[in-house]
Amino acid sequence: MSDTKYIFVTGGVASSLGKGIISASLAKLLQARGFNVTIQKLDPYINVDPGTMNPFEHGECYVTEDGAETDLDLGHYERFLNISTSQANNITTGRIYQTVITKERKGEYLGKTVQVIPHITDEIKRSIKLLGEDGDYDFVITEIGGTVGDIESLPYIEAVRQMKWEMKTDCLVIHLTLIPYLAASGELKTKPTQHSVKTFLEAGVQPDILVCRTEKHLDTDIRKKIALFCNVTQDAVIESIDADTIYDVPLLMKEEKLDKVVLEMLSLPTDTAADLDDWIQFLNKLKNPKRKVRIGLIGKYVKLNDAYKSIAESFIHAAVANDCEVKLERIDSEDISEESLSDKLGDLNGILVAPGFGERGIEGKIMAIKYARENGIPFLGICLGMQCAVIEFARNVLGLKDAHSTEMNPDTENPIIDIMESQKKITDKGGTMRLGVYPCELTNNTKAKKCYGSANIISERHRHRFEFNNEFLEDFEKSGMIASGINPEFDLVEIIELRDHPWFVGVQFHPEYKSTVANPHPLFVNFVKAAIEVSEAIIN
Ligand code: GLN
């Protein structure tokens, strides 16, 4: 295919309709037909990236191979497509303005007045086209955050208008809207969609395809009506019915022929067959589990599902790989006390302590880890979860009662977890952690090594400032907690595990960012496997 095609996915009527999943599903269908596809998310907020935002604000912060702190939709893109994304795949208003203002300070605008149009819109267009420049991709799908009509989305919509005008047949716009169902009258209503398209038209953009989110099927009459009022062909009215799982959506979009309509509109051949066999097999296993395990997810942002998105999705991939269902029990670490421990954790077949920052909820995490260690419950600690496992071991096995991380207690006599040397002088918060992929050398004859199979050196993504303090390593290893993964260049402990425990592993990195449908992460797969083994041992 010669020219890269640009597809925009915008939203109307309401937020949270699932633009990310629709974008990822379309990308999956095009990929299954043999095209090279990438997806990009444009976020209209002023933060330069979501790294400094509380997960309650914006859900999980996803980290790419190159260390970009990004929107969680990039996680969906990677999980669906099994490709890596990068900083170029997530642009925010903050980043656009930062670039434009830096150029202005350098005098690059040669005395011109710097304005939203054309300078901000040009920078937006440059960021979109950057992905298509090298000719690596047949399609660049760009999802625009927010909804059409939002003040902060305006420059993005204007950039879409300009690109559509400039590129003509190499560009198309998909608009995702909501068709609400009024139970009282038993009717689906199209008016909000009509209004949303009208707002889009006021900005100069005629959407080519409407994807209509709905809880009831759209009949022919309603499709005709939407097509008539919104200037689209009837086959370009695509139903997006509520699904049991996000992994159903590519197949639902295929049934609605979204990919075919896209290809036809871009004058591309539609006779390529989509190979979705593996995906269908994954879905079948997901829907027909042979057994079930209960795993506790202990963290402080458990009240918001999006806060631990990648962890939850990694469990779905690992569950399928084990022919089982993982029932994830989200437990607020602040609710854990000595008294509530067995009540809250007693029924679990596995315990995962989540990543995090700061003091709040830390003691509950440490108590949960002690419970997992003492009762032989499979345990996986991620980042702060690993650090807590180390602190727990120092306090309760090595007898170092005030052992802590200097993040929580800078004055502890036993700084088991300490700030990295390279982090000591850093004062800015944004984008300054140890971020992105680093190699890790695995120790032979360990559970970690067994998980990763034949690999001696693995590469995993990081997002932290603190690390295991090597001064204590010898004492730990003598007492049964060993380092099973080390960064070869800086000698940092990246994985710890207990020698005498069914499965107790802590990782300083984030395996959840690398689990995909096609490649479930081996640590999650083996953790779930251990949970199954322990639960079956109890039953038998
Ligand atoms: N707060 C810890 C650190 O900065 C852990 C970070 C995390 O869990 N992502 O090292």
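Residues numbered from 1 in each chain as written. Predicted model: local features only at pLDDT ≥ 70, side-chain atom pairs only at ≥ 80, totals over all residues. Heavy atoms only, no water.

**Q** Sorry if this is basic, but what is going on with the packing of aromatic side chains here?
**A** Two descriptors summarise a pair of aromatic rings, namely the distance from one centre to the other and the angle between the planes of the rings. In the structure shown here, the tally under the stated rule is 15 aromatic pairs. For the pair Phe35 and Phe139, a centre-to-centre distance of 5.2 Å together with 90° between the ring planes defines the contact as edge-to-face. Here Phe35, found in the loop between α1 (19-32) and β2 (37-43), pairs with Phe139, found in strand β6 (residues 139-144); they are 104 residues apart in sequence, far enough to count as distant. No difference in accessibility class separates Phe35 from Phe139, as the two residues are buried. Taking the centre distance of 6.0 Å and the plane angle of 50° together, the rings of Phe315 and Phe527 count as tilted. Residue Phe315 is found in helix α12 (residues 309-321), and its partner Phe527 is found in helix α18 (residues 522-539); the two are separated by 212 residues along the sequence. Note on accessibility: Phe315 and Phe527 belong to one class, buried. (Phe/Tyr/Trp six-rings, centres within 6.5 Å; stacked < 30°, edge-to-face > 60°. Helix = DSSP H or I, 4+ residues; strand = E, 2+ residues; numbered from the N terminus. Buried < 20%, exposed > 50% of the residue type's maximum accessible area, 1.4 Å probe, protein only.)

**Q** Please explain the pairing of strand β23 (residues 504-507) as it appears in this structure.
**A** Burial along β23 is two-sided: Phe504 and Gly506 and Val505 and Val507, pointing in opposite directions, are all buried. Here strand β15 (residues 379-382) pairs with β23 via four bridges, running parallel. Its bridge partner lying in β23, Gly381 is registered against Gly506. Pairing analysis gives three bridges linking strand β22 (residues 492-498) to β23, with the strands arranged antiparallel. Bridging from a neighbouring strand, Ile495 pairs with Val507 of β23. Connecting β22 to the next strand, β23, in antiparallel fashion are five residues. (Pairing = 2+ DSSP bridges.)

**Q** Can you walk me through the pairing of strand β14 (residues 350-353) in this structure?
**A** Moving residue by residue along a regular strand, the side chains alternate between the two faces of the sheet. Along β14, one buried face is formed by Gly350 and Leu352 and the opposite face, lined by Ile351 and Val353, is buried too. In this sheet, β14 lies alongside strand β12 (residues 291-299) in parallel orientation, the contact comprising four bridges. For Leu297, the partnering residue across the bridge sits in β14 and is Leu352. Where β14 meets β15, three bridges bridge the pair, whose relative direction is parallel. Each residue of the ladder has a partner; that of Val353, found in β15, is Gly381.

**Q** Would you explain the layout of surface pockets in this entry?
**A** In this approach a probe as big as a water molecule rolls over the atoms, and the regions it shows empty are the leftover space. In this structure, the second largest pocket encloses a volume near 690 Å³. Every residue lining the second largest pocket is counted, 33 residues in all, and those nearest its centre are Gly51, Gly356, Phe357, Met433 and Arg463. Looking at side-chain class alone, the lining of the second largest pocket contains 15 nonpolar, nine polar and nine charged residues. (1 Å grid on protein atoms, 1.4 Å probe; cavity = no way out; pocket = protein on both sides within 12 Å on 5 of 7 lines; lining within 4 Å. Points joined across faces, edges and corners; volume = space filled by probe spheres on them. Nonpolar A, V, L, I, M, F, W, Y, C, P; charged D, E, K, R; others polar.)

**Q** What is the right way to look at the nonpolar core in this model?
**A** As a rule of thumb, nonpolar side chains are buried together in soluble globular proteins. Among the nonpolar cores identified, the biggest contains 57 residues, and Ile7, Leu30, Phe139, Ile141, Ile174, Ile209 and Leu258 are the most heavily contacted of them. The dominant element in this core, judged by the number of residues it contributes, is α1, at eight residues. Sequence-distant contacts of Leu30, that is, excluding residues within four places in its chain, are made with Ile7, Phe35, Val37, Phe139, Ile141, Asp259 and Leu263. (Core = buried A, V, L, I, M, F, W, Y, C linked by side-chain atoms within 4.5 Å. Contact = heavy atoms within 4.5 Å.)

**Q** Would you explain the sheet that holds strand β20 (residues 466-468) in this entry?
**A** Hydrogen bonds between backbone groups are what pair the strands of a sheet, and the pairing can be parallel or antiparallel. The strand order β16-β17-β20 describes an open sheet built from three strands, whose pairing is mixed. Where the open sheet ends on each side, the last strands, each with one partner, are β16 (404-405) and β20. Both strand β17 (residues 415-419) and β20 contribute to a ladder of three bridges, which runs antiparallel. Across the sheet, the residue bridging to Ile419 is Phe466, located in β20. Sitting on the sheet, helix α15 (residues 384-396) is in contact with β16, β17 and β20, with an inclination near 150° to β17. (Axes fitted to C-alpha atoms, helices over the stretch in contact; angles between N-to-C directions.)

Remember, this is a structural readout, not a statement about activity or role.
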